[in-house]
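Coordinate inspection notes
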There are 2 protein chains.
Amino acid sequence: MQASPGSKKIVGVFYKANEYAAMNPNFLGCAEGSLGIREWLESQGHQYIVTDGKDGPNCELDKHIPDLHVLISTPFHPAYVTAERIKKAKNLQLLLTAGIGSDHIDLKAAAEAGLTVAEVTGSNVVSVAEDELMRILILVRNFLPGYHQVIKGEWNVAAIAYRAYDLEGKTVGTVGAGRIGKLLLQRLKPFNCNLLYHDRLKMEPGLEKEIGAKFEEDLDAMLPKCDIVVINMPLTEKTRGMFDKYRIAKMKKGVLIVNNARGAIMDTQAVADACSSGHIGGILIIYLPVLPEE
Amino acid sequence: MQASPGSKKIVGVFYKANEYAAMNPNFLGCAEGSLGIREWLESQGHQYIVTDGKDGPNCELDKHIPDLHVLISTPFHPAYVTAERIKKAKNLQLLLTAGIGSDHIDLKAAAEAGLTVAEVTGSNVVSVAEDELMRILILVRNFLPGYHQVIKGEWNVAAIAYRAYDLEGKTVGTVGAGRIGKLLLQRLKPFNCNLLYHDRLKMEPGLEKEIGAKFEEDLDAMLPKCDIVVINMPLTEKTRGMFDKYRIAKMKKGVLIVNNARGAIMDTQAVADACSSGHIGGILIIYLPVLPEE
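Residues numbered from 1 in each chain as written. Chains lettered and ligands numbered in written order. Predicted model: local features only at pLDDT ≥ 70, side-chain atom pairs only at ≥ 80, totals over all residues. Heavy atoms only, no water.

- If you look chain A up in an unreviewed UniProt entry, it shows as Putative Formate dehydrogenase, mitochondrial from Cocos nucifera.
- What UniProt states about chain A under its Sequence similarities (unreviewed entry) heading is, verbatim, "Belongs to the D-isomer specific 2-hydroxyacid dehydrogenase family." (UniProt positions renumbered as here; feature names shortened; annotations may be inferred.)

Printed below as a string of structure tokens:
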């Protein structure tokens with residue numbers, strides 16, 4: 001099919017879900033689901049090509065680079081948009097991330113080429129806040145060892161109970177209280193914890209009172225108070241490795257950590273050492289230090 | 001040591017925690033921790049004997065049955081107080097459960113012998129409500145398959161994502177809204193769900209409004225509306241097997257269930273069949289149908 005005048009050639013790069021696509025017709029973030037926009041795009045006269053082939057010589061994506069107008073991708077199966085690809089993409093106007101995080105795009109090269117790079121701001125904030133609260137509960141209540149015992153047919157209550165606690169009454173501190181941090185604090189409120197937050201900015205008093213959290217201007221003064229530390233900071237050159245052995249040493253012995261930031265915000269060796277020594281009692285991360293595909 | 005006049009012989013039956021007791025000096029619910037009341041009891045002139053030996057001929061507990069005054073036990077390592085033991089316990093006055101649930105005691109025989117049976121009412125309600133919310137999030141967000149992939153070094157986003165959802169916007173119904181159910185609903189409120197509850201009694205309007213849940217008088221009318229069903233009912237002769245194949249069939253296809261009641265409130269075969277067919281999308285239980293020690 002040749003794109004008609006005025007119509008655009010849109011390429012979507014998504015992972016193949018195979019049998020999982022068939023199991024849920026509402027599963028749209030995969031090649032099979034194609035974001036659920038095919039019918040609408042085609043009714044508007046556009047051409048919509050979807051592939052999971054994005055790497056290696058002669059991959060499907062590279063065939064379309066010379067004449068595509070719009071490229072849509074997702075963070076979990078990212079189409080890497082290098083300077084080289086941008087140079088070849090003579091018709092390219094728009095790079096869309098169907099989600100959050102556009103580190104797969106060479107933003108400098110895109111800006112120089114006058115391209116619009118857009119993502120769906122806010123689309124994952126509720127998901128992440130829910131996930132964080134789940135991970136806090138899993139750590140505090142020591143869920144996983146009990147789960148493993150049941151799966152293996154074992155029964156040793158002491159091995160779980162000796163470090164299983166209620167969240168109620170614990171001190172939870174979030175490092176970063178942007179949109180996700182605020183949603184987390186709101187969800188924590190009925191748990192009757194002592195809530196702290198460190199951020200560059202203090203919330204306006206009405207919101208702070210509603211959320212019921214106390215501002216801690218000095219991170220190093222907050223950390224020793226926390227039973228649970230939640231990290232909600234972007235990874236930048238300034239925050240890379242900010243949780244090093246000195247900062248971890250300031251935390252309570254046995255501290256539980258939920259790291260929602262990119263892995264590189266923590267010094268991996270320092271985390272491993274503190275887990276071995278018991279200074280860190282438990283940690284659940286959302287990002288691996290390096291994604292398997294990187 | 002012979003108990004002095006006026007003093008009592010108190011026997012505590014708890015599981016041995018072995019190395020886990022040494023790992024946490026505040027771990028009191030085990031034989032080593034002995035509930036942390038030894039010093040106080042002995043300062044009051046009482047004798048306090050603690051053992052984990054509770055079953056079989058010549059077990060430690062049986063040696064003390066003839067002259068103990070008070071017997072303390074816990075639900076996870078219960079000292080079974082049979083009619084036979086009660087008959088032999090000539091000095092027995094008080095049977096204490098350090099926790100909730102006294103089904104290890106022959107209550108009829110205890111009543112006939114004029115014994116007081118007591119437990120620590122309310123001691124676990126916050127724990128259970130927190131645990132339920134954790135289990136709801138684990139099911140809705142499809143945590144466990146992702147956890148297993150990471151542990152095994154696998155990477156298949158589709159296998160998780162095709163059935164991972166936010167809790168926000170889902171309909172959650174609790175069957176039973178006593179103390180635990182109410183604490184659960186309060187903790188669910190900031191998640192912006194549609195909250196329903198079935199109980200014999202409607203809450204008083206102020207509390208219902210504060211909690212933000214809608215009363216459903218007819219259980220069979222509530223079940224088809226729920227994405228997540230939480231069971232918060234006591235096991236009685238009336239509720240035994242109440243979640244049978246007919247009632248499960250009324251639930252939404254793919255329903256997620258958190259069963260906090262004793263396992264026998266559900267028909268195990270009906271649950272297994274509905275899990276196989278996919279009618280039940282996921283279930284997390286707190287009690288096994290039968291405890292390993294039973």
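There is more to say, and it comes next.
1. Topic: the overall build of chain A
- Within chain A one finds 13 helices and 11 strands.
- Taken over the C-alpha atoms alone, chain A extends approximately 65 × 50 × 35 Å along its principal axes.
- A total of 294 residues make up chain A; the buried ones form 49% of that total.
- Across chain A, contacts joining residues at least 24 apart in sequence account for 61% of those joining residues at least 6 apart.
- Per element, the accessible surface of chain A, about 14,300 Å² overall, is 55% carbon and sulfur. (Helix = DSSP H or I, 4+ residues; strand = E, 2+ residues; numbered from the N terminus. Buried < 20%, exposed > 50% of the residue type's maximum accessible area, 1.4 Å probe, protein only. Contact = heavy atoms within 4.5 Å. Areas by Shrake-Rupley, 256 points an atom, 1.4 Å probe, with all protein chains shown as cover.)

2. Observations regarding the sheet that holds strand β9 (residues 228-231) of chain A
Residue and element names in this part refer to chain A.
- With parallel pairing, the 6 strands of this open sheet are ordered in space as β8-β7-β6-β9-β10-β11. Unpaired on one side and paired on the other, β8 (213-215) and β11 (280-285) mark the two borders of the sheet. Looking at each pair of strands side by side, their axes are set apart by 20° on average, direction ignored.
- Where β9 lies against strand β10 (residues 255-259), 4 bridges are found, and the strand directions are parallel. Pairing of Ile-231 across the sheet is with Asn-259, part of β10.
- Sitting on the sheet, helix α6 (residues 125-140) is in contact with β6 (171-175), β9, β10 and β11, with an inclination near 155° to β10.
- Strand contacts of helix α9 (residues 179-188): β6, β7 (194-198), β8 and β9, with the helix running at about 175° to β7, the strand carrying the most contacts. (Pairing = 2+ DSSP bridges. Axes fitted to C-alpha atoms, helices over the stretch in contact; angles between N-to-C directions.)

3. A look at the packing of helix α6 (residues 125-140) of chain B against helix α9 (residues 179-188) of chain B
Residues and elements named next belong to chain B.
- Two elements in contact, α6 and α9, have axes whose closest approach is 8 Å; the angle formed by their N-to-C orientations is 50°. In terms of axis orientation, α6 runs oblique to α9. Where α6 crosses over α9, the handedness of that crossing is right-handed. Contacts between α6 and α9 involve Val-125, Val-126, Val-128, Ala-129, Glu-130, Glu-132, Leu-133 and Ile-136 from the former and Arg-179, Ile-180, Leu-183, Leu-184, Arg-187 and Leu-188 from the latter.
- For the contact of α6 with α9, the class distribution of residues is 10 nonpolar, no polar and 4 charged. (Parallel < 35°, antiparallel > 145°, perpendicular 65-115°, else oblique. Left-handed = near helix turned anticlockwise from the far one by under 90°. Nonpolar A, V, L, I, M, F, W, Y, C, P; charged D, E, K, R; others polar.)

4. Some points on the environment of Gly-263 of chain A
- Here Gly-263 of chain A lies in the loop between β10 and α13 (268-277).
- Exposure remark for Gly-263 of chain A: the relative accessible area of 10% places this residue in the buried category.

5. Thoughts on the relation of the copies chain B and chain A
- The transformation that overlays chain B on chain A combines an axial shift of 0.0 Å with a rotation of 180°, and the residual RMSD is 0.1 Å. Read as a symmetry element, the transformation amounts to a two-fold axis. Of every C-alpha in chain B, the one belonging to Met-134 of chain B sits nearest the axis of rotation, 2.8 Å from it.
- Taken together, the interface assignments show that 100% of the residues at the interface of chain B recur at the interface of chain A, consistent with an identical surface on both copies. (Least-squares fit on C-alpha atoms with pLDDT ≥ 70 in both.)

6. Some details on the pairing of strand β4 (residues 94-97) of chain B
Residue and element names in this part refer to chain B.
- The side-chain alternation of β4 yields one buried face, formed by Leu-95 and Thr-97, and one unburied face, formed by Leu-94 and Leu-96.
- Handedness of the crossover joining strand β3 (residues 70-73) and β4 through helix α4 (residues 83-88): right-handed.
- Here β4 runs beside strand β5 (residues 116-119); their pairing, made up of 4 bridges, is parallel. Across the sheet, Leu-94 pairs through a bridge with Thr-116, a residue of β5.
- The β-α-β motif built from β4, the intervening helix α5 (residues 107-112) and the parallel element β5 has right-handed crossover chirality. (Right-handed = clockwise from strand over helix to strand, strands pointing away.)

7. Focus: the UniProt feature "domain: D-isomer specific 2-hydroxyacid dehydrogenase catalytic" (unreviewed entry) in chain A
- When the UniProt feature table is mapped onto this chain numbering, "domain: D-isomer specific 2-hydroxyacid dehydrogenase catalytic" (unreviewed entry) sits at residues 41-130 of chain A.
- Between the end C-alpha atoms of residues 41-130 of chain A the distance is 33 Å, and the span holds 29% helix and 19% strand.

8. Concerning the interface of chain B and chain A
- In this complex, chain B contributes 43 residues to the contact, which on the side of chain A involves 43 residues.
- Of the roughly 4,000 Å² buried between chain B and chain A on both sides combined, carbon and sulfur atoms contribute 69%.
- In terms of surface lost to chain A, no three residues of chain B exceed Glu-130, Trp-155 and Tyr-162 of chain B, which account for 18% of the buried area on that side.
- Where chain B touches chain A, the interface holds 6 salt bridges.
- Glu-168 of chain B is paired through a salt bridge with Arg-187 of chain A; the nearest N and O atoms lie 3.2 Å apart. (Buried area = accessible area lost by both parts, 1.4 Å probe. Salt bridge = Lys/Arg side-chain N within 4 Å of Asp/Glu carboxyl O.)

9. So, the side chain of Arg-85 of chain B
- Relative to the helices and strands, Arg-85 of chain B is located in helix α4.
- Contacts of Arg-85 of chain B, omitting those with residues within four sequence positions, involve Lys-54, Cys-59, Leu-61, Asp-62, Ile-65 and Tyr-80 of chain B.

10. Digging into the pairing of strand β11 (residues 280-285) of chain B
Residue and element names in this part refer to chain B.
- Of the pairings in the sheet, the one linking strand β10 (residues 255-259) to β11 comprises 5 bridges and is parallel in character. Bridge pairing in β11 places Ile-257 opposite Ile-283.
- A crossover links β10 with its parallel partner β11, the connecting element being helix α13 (residues 268-277), and its sense is right-handed.

11. Section: the confidence of the model for chain A
- Mean pLDDT for chain A: 93, with 96% of residues reaching 70 or above.
- The ipTM value of the predicted complex is 0.91, and its pTM value is 0.92. (pLDDT = per-residue confidence, 0-100.)

12. What about the environment of Met-266 of chain B?
Residue and element names in this part refer to chain B.
- Among the structural elements, Met-266 can be located in the loop between β10 and α13.
- Using a relative accessible area of 6% as the deciding quantity, one classes Met-266 as buried.
- Placed 21 residues apart in sequence, Met-266 and Lys-245 show a C-alpha to C-alpha distance of 9.2 Å.
- Excluding anything up to four places from it in sequence, Met-266 contacts Ile-231, Gly-241, Phe-243, Ile-257, Asn-259, Val-271 and Ile-283.

13. Here we look at α13 of chain A
All names here are of chain A.
- Inspection of α13 places Ala-270, Val-271 and Ala-274 among the buried residues, and these make up the whole buried set. End-on view of α13: buried residues confined to an arc of 100°, all on one side of the axis. Opposite the packed face of α13, turned more than 90 degrees from it, sit the exposed residues Gln-269 and Ser-276.
- Buried positions along α13 lie against α12 (245-250) and β11.
- A positive backbone phi angle near 90° is found at Gly-278, which sits one or two residues after α13. (Arc of directions from axis to C-beta.)

14. Examining unusual backbone geometry
- Within the chain, Ser-34 of chain A stands out as a residue other than glycine whose phi angle is a positive 50°.
- Here Ser-34 of chain A is to be found in the loop between α1 (19-23) and α2 (38-43).
- What makes Ser-34 of chain A buried here is its relative accessible area of 5%.
- A positive phi angle, near 55°, is found at Asn-192 of chain B, a position not held by glycine.
- In this fold, Asn-192 of chain B is placed in the loop between α9 and β7 (194-198).
- In this structure Asn-192 of chain B comes out as partly exposed when scored by relative accessible area, which is 44%.

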